[in-house]
Amino acid sequence: MKFKSLAALLATSATLLSPVAASAHFLLHYTDSSLIERPGDVPVGLIFWHPMANGHAMDMGKPEEFYMIHNGEKTDLSDRLQPATFKGAENESAAYTASIPVKRSGDYVVVTVPAPYYEESEDIYIQQITKSVLNRNTLPTDWDQPVGLPTEILPLNKPYNVIVGSTFSGQVLADGKPVAGAEIEIEFMASEPDLETFATTDPTTGEMPGGAIVAISDANGVFTFGIPKAGYWGFAALGSGPATEHEGKELSQDAVIWIEATDLK
Ligand SMILES: [Cu+2]
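Throughout what follows, the structure given in this document is the object of discussion. No experiment lies behind these values; they were computed from the predicted model shown.

Conventions we followed
- Residues numbered from 1 in each chain as written.
- Predicted model: local features only at pLDDT ≥ 70, side-chain atom pairs only at ≥ 80, totals over all residues.
- Heavy atoms only, no water.
- Helix = DSSP H or I, 4+ residues; strand = E, 2+ residues; numbered from the N terminus.
- Rg over C-alpha atoms; globule rule 2.2 N^0.38 Å.
- Buried < 20%, exposed > 50% of the residue type's maximum accessible area, 1.4 Å probe, protein only.
- Contact = heavy atoms within 4.5 Å.
- Areas by Shrake-Rupley, 256 points an atom, 1.4 Å probe, with all protein chains shown as cover.
- Pairing = 2+ DSSP bridges.
- Phe/Tyr/Trp six-rings, centres within 6.5 Å; stacked < 30°, edge-to-face > 60°.
- Donors = N, O, S within 2.8 Å, 3.2 Å for Na, K, Ca; no water.

On to the overall build of the protein chain, then. Broken down by element type, the protein chain carries 1 helix and 20 strands. Computed over the C-alpha atoms, the radius of gyration of the protein chain is 17 Å, within 12% of the 18 Å expected from 2.2 N^0.38 for a compact globule of 265 residues. Out of the 265 residues in the protein chain, the part that is buried amounts to 50%. Of all intrachain contacts in the protein chain linking residues separated by at least 6 positions in sequence, the fraction that spans at least 24 positions is 68%. Working note: accessible area of the protein chain is about 12400 Å², and carbon and sulfur atoms make up 53% of it.

Across the 7 residues that make up strand β18 (residues 231-237), a large majority, 7, are buried. As paired strands, strand β15 (residues 183-188) and β18 are joined by 5 bridges and run antiparallel to one another. Each residue of the ladder has a partner; that of Ile 186, found in β18, is Phe 235. Taken together, the 7 bridges between β18 and strand β20 (residues 249-262) define a ladder with antiparallel strand orientation. If you follow Ala 237 over to β20, its bridge partner there is Ala 255.

So, about the packing of aromatic side chains. Under the defined criterion, the tally for this structure stands at 12 aromatic pairs. Measuring from ring centre to ring centre gives 5.6 Å for Phe 86 and Phe 198, while their planes differ by 75°; the resulting arrangement is edge-to-face. Taken as a pair, Phe 86 in strand β6 (residues 82-87) and Phe 198 in the loop between β15 and β16 (213-216) lie far apart in primary sequence, 112 residues in all. Residue Phe 86 shares its accessibility class with Phe 198, and that shared class is buried. On the numbers, 5.3 Å between centres and 55° between planes, the contact of Tyr 118 with Tyr 125 is tilted.

At this site the copper ion is bound by His 25 (ND1) and His 50 (NE2), with donor distances of 1.9 to 2.3 Å. One end of the pair, His 25, is in the loop between α1 (6-17) and β1 (26-30); the other, His 50, is in the loop between β2 (40-49) and β3 (57-58), with 25 residues separating them in the sequence. Like His 50, His 25 is buried.

A separate point is the pairing of β2. Among the 10 residues that make up β2, 7 are buried, leaving the element largely enclosed by the rest of the structure. As paired strands, β1 and β2 are joined by 5 bridges and run antiparallel to one another. Opposite Leu 27, over in β2, you have Phe 48 as the bridge partner. For β2 and strand β7 (residues 92-102), the ladder comprises 7 bridges, and the chain directions are antiparallel. Considered in β7, the bridge of Asp 41 is made with Pro 101. In the sheet, β2 pairs with β3 via 2 bridges, with the strands oriented antiparallel. Each residue of the ladder has a partner; that of Trp 49, found in β3, is Ala 57.

Dropping the structure here:
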């Protein structure tokens with residue numbers, strides 16, 4: 001971890017004290033790798049967090065849905081969800097562990113539809129419908145197909161095989177139609193969780209001095225971002241979903257996708 005300047009440290013503490021955090025909320029699907037070498041149950045952590053800041057972690061309710069799609073076939077995995085306490089750098093939070101049964105070659109699109117989370121500082125609910133893609137034996141089967149979620153980001157580059165220095169594009173969809181002008185927040189998973197201890201690790205980077213990294217989707221709902229660093233990158237289209245209210249309050253129904261970038265050898 002790099003030492004920050006005093007000004008940066010002061011700015012960070014000011015951010016923490018302000019009612020609305022500058023860094024972005026992200027629901028994580030964390031696996032040690034997206035590429036699965038041996039068949040079996042792949043451990044995954046579901047954590048609602050500020051991953052680029054290695055910051056505050058939020059309590060999750062039991063997800064409404066948790067499943068995978070392989071060869072176009074949906075398999076419910078909700079009976080694999082186990083409540084777990086995630087140990088973040090700032091606090092502990094209610095999170096989940098699970099596993100993905102990877103057997104045959106191909107893609108495994110993992111989907112979480114979380115319970116809406118009440119964000120007190122903004123008096124709104126947030127529901128981040130999250131996707132990630134695992135692959136075995138490089139056989140592409142499902143990654144480029146929409147799942148059919150209320151809102152989702154359709155990857156336009158293979159999400160588990162993005163080269164550092166290239167770009168990643170996605171298309172924001174709501175009810176299957178492109179969302180123009182969507183605000184997409186982008187974060188790097190600065191601290192990859194340790195799934196054995198279910199705790200954060202030392203961050204490899206931190207937040208940007210200019211705040212959240214943001215892209216806006218074009219008329220076709222498409223955005224592109226250049227990938228500067230190996231690891232996991234998350235993209236969250238804010239409020240792109242059709243549901244706008246939950247229990248009488250405003251709901252931000254977001255679409256999240258995680259991709260894994262690798263250095264060219
Ligand atoms: Cu936040």
